[in-house]
Amino acid sequence: MKTEKKRILAVDDQVSNTRMLKLYLERTNDYVVMEVNDAKTALSAAEEFQPHLILLDVMMPSIDGGELAASFQENPKLKAVPIVFVTGAVTKREVEARGGRSGGFTFLAKPIVMSEVVACLKHYLGG
């Protein structure tokens, strides 16, 4: 019996990052990925898409990832959706030193390593 594919919302102002996530994750046949490259449209896209998990860049123009995460958590439809920050603001060593978490959120350091992303998704979503 085939289980439902998990919906992942990838928010990053760099199209190459969201495209890489989408191509890799959808190739596994376990995920459907929606790419959003404009933080201003991310909230409405998330409401419509109803993701199981959000991969969120920290440093974006106009609205940073922290502000956007707060907006997601204030939204009744999205407040239970896990958010994983993907950022170049910290090194992989810093992420490891903090146990992969900061401020209550899971962090993955850029450059993105797909095996780390998949392990993180499996942790939150099972599989």
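The following refers to the structure shown. (Residues numbered from 1 in each chain as written. Predicted model: local features only at pLDDT ≥ 70, side-chain atom pairs only at ≥ 80, totals over all residues. Heavy atoms only, no water.)

Section: the nonpolar core
So the rule is basically this: Here, the term nonpolar core denotes a set of buried Ala, Val, Leu, Ile, Met, Phe, Trp, Tyr and Cys residues that are joined through side-chain atoms within 4.5 Å. Exposed residues in this analysis have more than 50% of their type's maximum accessible area, buried residues have under 20%, and partly exposed residues fall in between, with area computed by a 1.4 Å probe over protein chains only. Secondary structure follows DSSP: runs of H or I at least 4 residues long count as helices, runs of E at least 2 residues long count as strands, and numbering of each begins at the N terminus.
If you look at the biggest cluster of nonpolar residues, it comprises 24 residues, and the most contacted ones within it are L9, V11, I54, L56, L68 and F72. For this core, the secondary structure elements donating two or more residues are β1 (6-11), α2 (39-49), β3 (53-57), α3 (65-74), β4 (83-87) and β6 (105-109). Per element, the largest residue contribution to this core is 5 residues, and it comes from α2. Membership of the second largest hydrophobic core comes to 18 residues, among which are A10, V33, I112 and M114.

Comments concerning the pairing of β1
Selection rule: If DSSP finds at least two bridges between two strands, the strands pair. The handedness of a crossover follows from its direction of travel: if, with the strands pointing away from the viewer, the path from the first strand over the helix to the second runs clockwise, the crossover is right-handed.
Pairing between β1 and strand β2 (residues 31-36): 6 bridges, direction parallel. Residue pairing across strands places I8 opposite V33, the latter belonging to β2. A crossover links β1 with its parallel partner β2, the connecting element being helix α1 (residues 15-27), and its sense is right-handed.

All we've got here are geometric facts, nothing functional implied.
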